[in-house]
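Residues per chain are reported as follows:
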Amino acid sequence: MPHTIAEKILAFRSGAREVFPGELITARPDKVMSHDNAGLVIKHFRAIGSEKVFDPAKIIIPLDHRVPAESERTAIAHKSIREFVKEQNIENFYDIREGICHQVMVENGHVRPGELILGTDSHTTSYGCLAAASTGIGATEMAAVWATGEIWLRVPETIRIEVNGQFKPGVTPKDLILYLLGRLTARGADYKAIEFYGTTIENIPVSGRFTLCNMSMEMGAKFAIVPFDGETRKYLESRMKEDYTPFAADPDAEYTERHIIDASELTPQIAKPHRVDNVVPLKEAAGIRIDQVVIGSCTNGRIDDLEQAAAVLENKQVSRSVRLLVIPGSRSIYIQAIKLGIMEKFLEAGAVILNPGCGPCLGAHQGILAPGERCLATTNRNFKGRMGSTEAEVYLSSPIVAATAAIIGEIPDRVTES
Amino acid sequence: MEKIISGRVWVLGEDIDTDVIYPGKYLPILDPVEMAKHALEGVSPDFPARLETGDIIVAGMGFGCGSSREQAATCLKMAGVAAVVAGSFARIFFRNAVNQGLPLVQADIADKLKDGDILTIDFNRNMIDYPAAAGEVEFPPLADSVMAIIEAGGLIPAVRQRLGLTE
């Protein structure tokens, strides 16, 4: 039978010749990732009563959500994680200095094409940018995986999304995924996998594919996968030996839905409060006053995101009524941005640069909103209360739109490049 | 787990997300009893105080969308919520609820009920009764392996049994 990429990876990791959508299988993941919530996973692991984790080499723990610790409670959790990784010989532990977990996973060779990866974070779907099948689970479930090395999974149906054509200047993969969210809705891919195809996708670098797979989760997707190609290989060359096994979908594989998008028709998009699928073209939100702009996160904190935003801000000043927060996705991106002069541009324009981490995206710390305030962010969620007060509002956009808004103090009707 | 659950309902809307169920600022809390004090706080600040043991949450489509935080399921369970009935559940929330031993029922009946109505869920017959609206509806059963986790009281006791770690 012909199969999709998700079906092939799940068949391989469950030791079956083939698997079919709807089937419940038991799979052995290649890697598992937890961040600060490893503290909760450890608590559950102790409650199970196992002495040793299934395989310390397959567990990766980067601290990123509340770094450096914003409270004594977090400090205690971080301490318990540092003690646990020593006790269990977990070598792939990245302390507070390294960056956002998903970026750290992809940058440091922990994601290989064709792998099945689980993480205690919903945006674990991001690793589809390197043709892996990866998804989020809860802390109790992770504790069970640490104890047994196994998980039950339902084999998902797959949605095929084909995107062709060239983006207009100023239009980015973030605008594409926001557009898709508006079109397919926040439930449009519930329990399903997404595969991306088309000339646009082929021309998007791993960084932008990361953005697409990251926010596919907001449509409910279990996996979001960009098939392995020359771009994937190029990205991985410097990071690992080519001893991985990518899977390609069979040409006649069965898809539950097919969508074809013309990228050349796309314009910059905005998600309005308080739903990720409340998406409109930029000009329909133009003129809305903004108090804070956040550029960063696992969705848009990579070097090209920072570069595009800095180019908009060059020789300009952030509005006196706006607080612009810039958060590089990882230490390595931070270093690169300094070497390229990007950080200088941000600082000269009046931005506040925060250390790599999640901070304001989930309302943990560093940029909490007061009642009545509005934020335009390049992050992934605009739920009520997400960034602090339940009476605050969060809008989502690309880094180019966010940087433009920071200068004029309101959502722009166009971006400088378009 | 009780095979027949009867309780007072709280009716919520569509796409009740994890930030509304359990705001991110409380994630560092590790004590489940303390988590319960913030259950559905995003709906309204006094919601946790309104919840009583045995209550049933009834919501529209997309319940639990967003974060992987299992505290969204734990806080409901610890606040005494006996079951959640929704038109559909986001996938990670679904797994988290099962793993905490919180029964879930897929039925789109939120618009037929109001706060305070009494609802009865019968897992023997996979039927829901809501006398206030003189209604009855069948719901799709959970897979046996999934039901077994809920019946064991959640994934931790289920794994302990499997690994022979129970006394």
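Residues numbered from 1 in each chain as written. Chains lettered and ligands numbered in written order. Predicted model: local features only at pLDDT ≥ 70, side-chain atom pairs only at ≥ 80, totals over all residues. Heavy atoms only, no water.

> It is not clear to me how the overall build of chain B should be interpreted in this structure. Could you clarify?
Broken down by element type, chain B carries 7 helices and 7 strands. Helices and strands in chain B line up, N terminus first, as β-α-α-α-β-α-β-α-β-β-β-β-α-α. Its C-alpha radius of gyration of 15 Å places chain B within 12% of the 15 Å reference for a compact globule of 167 residues. Summarising its shape, the C-alpha atoms of chain B cover approximately 45 × 35 × 25 Å along the three principal directions. Among the 167 residues that make up chain B, the fraction classed as buried is 62%. Put simply, 64% of the contacts in chain B that link residues at least 6 apart link residues at least 24 apart. (Helix = DSSP H or I, 4+ residues; strand = E, 2+ residues; numbered from the N terminus. Rg over C-alpha atoms; globule rule 2.2 N^0.38 Å. Buried < 20%, exposed > 50% of the residue type's maximum accessible area, 1.4 Å probe, protein only. Contact = heavy atoms within 4.5 Å.)

> Can you walk me through the overall build of chain A in this structure?
Counting secondary structure elements, chain A contains 14 helices and 18 strands. The C-alpha atoms of chain A give 21 Å as radius of gyration, which agrees with the globular expectation for 418 residues (22 Å, within 12%). Classification of the 418 residues of chain A by burial places 64% in the buried group. For chain A, the share of sequence-separated contacts (at least 6 apart) that also reach a separation of at least 24 residues comes to 76%. Averaging the coordinates of the 46 positive side-chain charges in chain A and doing the same for the 53 negative ones gives two points 3 Å apart. (Lys, Arg positive; Asp, Glu negative; His and termini not counted. Charge placed at Lys NZ, Arg CZ, Asp CG, Glu CD.)

> Would you take a moment to explain the pattern of salt bridges for this structure?
Any two side chains of opposite charge can pair, given that their charged atoms come close. Here the structure, examined in full by the defined rule, presents 39 salt bridges over all chains. For the salt bridge of R160 of chain A with E162 of chain A, the shortest nitrogen-to-oxygen distance reads 2.8 Å. Residue class for R160 of chain A comes out buried when judged on its relative accessible area of 19%. Among the ionic pairs, D117 of chain B bridges to K114 of chain B, the shortest N-O distance being 3.0 Å. Classification of D117 of chain B as buried rests on a relative accessible area of 8%. Taken together, the shared-partner salt bridges in this structure form one network comprising R187, R275 and D277 of chain A together with E14 and D15 of chain B. (Salt bridge = Lys/Arg side-chain N within 4 Å of Asp/Glu carboxyl O.)

> Please explain empty space enclosed by the protein as it appears in this structure.
Rolled over the atoms, a probe with the dimensions of a water molecule shows which regions are left empty. By the definition in use, this model includes 1 cavity of 30 Å³ or more. Here the largest cavity defines a volume of roughly 490 Å³. Every residue lining the largest cavity is counted, 36 residues in all, and those nearest its centre are H35, N37, H65 and L362 of chain A together with L27 of chain B. Elements with a contribution of two residues or more to the lining of the largest cavity: α2 (38-48), α3 (72-87) and α10 (297-300) of chain A. Sort the elements by how many residues they give to the lining of the largest cavity and α3 of chain A lands first, with 3 residues. Tallied by class, the residues present in the lining of the largest cavity amount to 12 nonpolar, 17 polar and 7 charged. (1 Å grid on protein atoms, 1.4 Å probe; cavity = no way out; pocket = protein on both sides within 12 Å on 5 of 7 lines; lining within 4 Å. Points joined across faces, edges and corners; volume = space filled by probe spheres on them. Nonpolar A, V, L, I, M, F, W, Y, C, P; charged D, E, K, R; others polar.)

> Which parts of the structure should I look at to understand the interface of chain A and chain B?
For an interface, size is often stated in terms of accessible area lost upon the parts coming together. Counting residues at the interface gives 42 residues for chain A and 44 residues for chain B. Across the chain A to chain B interface the summed buried area is about 3600 Å²; carbon plus sulfur atoms make up 55%. One can count 7 salt bridges joining chain A with chain B. A salt bridge links R162 of chain B to E150 of chain A, with the shortest nitrogen-to-oxygen separation between them at 3.1 Å. Summed over the shared surface of chain A and chain B, the result is 24 residue pairs in polar contact (both at pLDDT 80 or more). Of all the secondary-structure elements, those providing two or more residues to the side of chain A that touches chain B are α2, α3, β6 (133-136), α5 (139-148) and β7 (151-154) of chain A. Each residue belonging to the side of chain A that touches chain B can be placed in one class, and the counts come to 15 nonpolar, 13 polar and 14 charged. (Buried area = accessible area lost by both parts, 1.4 Å probe. Polar contact = N/O pair within 3.5 Å; in protein donor to acceptor, adjacent residues only side chain to side chain.)

> Help me understand the packing of aromatic side chains, please; the structure alone is not making it clear to me.
Any pair of aromatic rings gets described here by the distance separating the centres and the angle formed by the planes. According to the stated counting rule, one finds 12 aromatic pairs over all chains in the structure shown. Judged by centre distance (5.7 Å) and plane angle (75°), the rings of F123 of chain B and F139 of chain B are edge-to-face. Of the two residues, F123 of chain B is situated in the loop between β5 (118-122) and β6 (127-130) and F139 of chain B in the loop between β7 (135-138) and α6 (144-151); the sequence distance between them amounts to 16 residues. Summarising the burial analysis for this pair, F123 of chain B and F139 of chain B share the class buried. Taken together, the ring pairs connect F45, F84 and W146 of chain A into an aromatic cluster. Across from the ring centre of Y235 of chain A, 3.9 Å away, lies the NZ or CZ of R239 of chain A, which sits over that ring. Above the ring of F210 of chain A, the side-chain terminus of R302 of chain A is found at 3.7 Å from the ring centroid. (Phe/Tyr/Trp six-rings, centres within 6.5 Å; stacked < 30°, edge-to-face > 60°. Lys NZ or Arg CZ within 6 Å of the ring centre and 35° of its normal.)

> I'm lost on the domain arrangement of chain A in this one. Help?
Residue and element names in this part refer to chain A. For chain A, the assigned domains read domain 1 (7-261) and domain 2 (269-408). Summarising the inter-unit geometry, the C-alpha centres of domain 1 and domain 2 are found 24 Å apart. Counting from both sides, the interface comprises 33 residues of domain 1 and, opposite them, 36 residues of domain 2. Interface area lost by domain 1 to domain 2 is led by I100, K174 and L178, which between them contribute 20%. In this structure, E218 and R381 form a salt bridge, with 3.0 Å as the shortest nitrogen-oxygen distance. (Domains from an automatic or database assignment.)

> Looking at this model, I keep getting lost on helix α6 (residues 173-184) of chain A. Mind explaining?
The α-helix winds at 3.6 residues per turn, so residues separated by three or four positions along the chain end up facing the same way. Residues and elements named next belong to chain A. Compared with an ideal rise of 1.5 Å per residue, which puts 12 residues at 16 Å, α6 spans 16 Å between its outermost C-alpha atoms and is within 8% of the ideal. Of all the 12 residues making up α6, 9 are buried; the element is thus mostly covered by neighbouring parts of the structure. Those residues of α6 that sit buried are P173, K174, D175, L176, I177, L178, L180, L181 and L184. Two residues or fewer past α6, T185 is found with a positive phi of approximately 75°. (Expected span 1.5 Å × (residues − 1).)

> Could you clarify how one ought to interpret the state of the cysteines in this entry?
What is meant by a disulfide is a covalent connection between two cysteines, made through their sulfur atoms. Throughout the structure, instances matching the rule amount to 0 disulfides over all chains. Free cysteine C298 of chain A: the closest other cysteine sulfur is in C361 of chain A, separated by 6.2 Å. Here C75 of chain B stays free of any disulfide, with the sulfur of C65 of chain B as its closest cysteine sulfur at 14 Å. The exposure class of C75 of chain B is buried, given its relative accessible area of 0%. (Disulfide = S-S within 2.5 Å.)

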